[in-house]
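What follows is the residue order along each chain.
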Amino acid sequence: MCLSFLASLRWPDGRVACPTCGSQDVTFLSKYRRWKCYTKHTRQQFSIKVGTIFEDSPIGLDKWLPAVWMLVNDKNGISSL
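Since we're looking at a predicted model, the values are computed, not measured.

A. Summary view of the sheet that holds strand 2 (residues 34-37). Strand order in the open sheet made by the 3 strands is 1-2-3, with antiparallel pairing throughout. Of all the strands in the sheet, just strand 1 (26-29) and strand 3 (45-46) have a single pairing partner and so form its edges.

Structure follows, in structure tokens:
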């Protein structure tokens, strides 16, 4: 669910493009939850997190999205306790 939501935000027209070369000749690898670009370059496979602030995080999007939602929607901030 997080993957489809972020994909619709990142590519609103529904056409997934490779972040390295910009090619739209890509396919989704459902086993790995990544896309594969058919253009020859070093990084042919890419995930939804490439090029975002979540790129190097080992924490999954299922935990990041609720945390970001809580930070954005609480007008008094989040308690550290």
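B. Geometry of the pattern of salt bridges. According to the stated counting rule, one finds 1 salt bridge in the structure shown. Between Lys63 and Asp62 there is a salt bridge, with the nearest N and O atoms lying 3.8 Å from each other. Take Lys63 and Asp62: they sit in the same class, and that class is exposed.

C. Main features of the nonpolar core. Ranked by size, the top nonpolar core spans 14 residues in total, and within it Trp11, Val16, Val26, Trp35, Phe46 and Ile48 carry the most contacts. Non-local contacts of Val26, meaning those with residues more than four positions away in its chain, are made with Val16, Cys18, Trp35, Lys36, Cys37, Tyr38 and Phe46.

D. Layout of unusual backbone geometry. At Arg33, a position not held by glycine, the phi torsion is positive, near 55°. By secondary structure assignment, the location of Arg33 is in the loop between strand 1 and strand 2.

Rules of the game
- Residues numbered from 1 in each chain as written.
- Predicted model: local features only at pLDDT ≥ 70, side-chain atom pairs only at ≥ 80, totals over all residues.
- Heavy atoms only, no water.
- Pairing = 2+ DSSP bridges.
- Helix = DSSP H or I, 4+ residues; strand = E, 2+ residues; numbered from the N terminus.
- Salt bridge = Lys/Arg side-chain N within 4 Å of Asp/Glu carboxyl O.
- Buried < 20%, exposed > 50% of the residue type's maximum accessible area, 1.4 Å probe, protein only.
- Core = buried A, V, L, I, M, F, W, Y, C linked by side-chain atoms within 4.5 Å.
- Contact = heavy atoms within 4.5 Å.

From the geometry alone we can't say anything about function, so treat these as descriptive.
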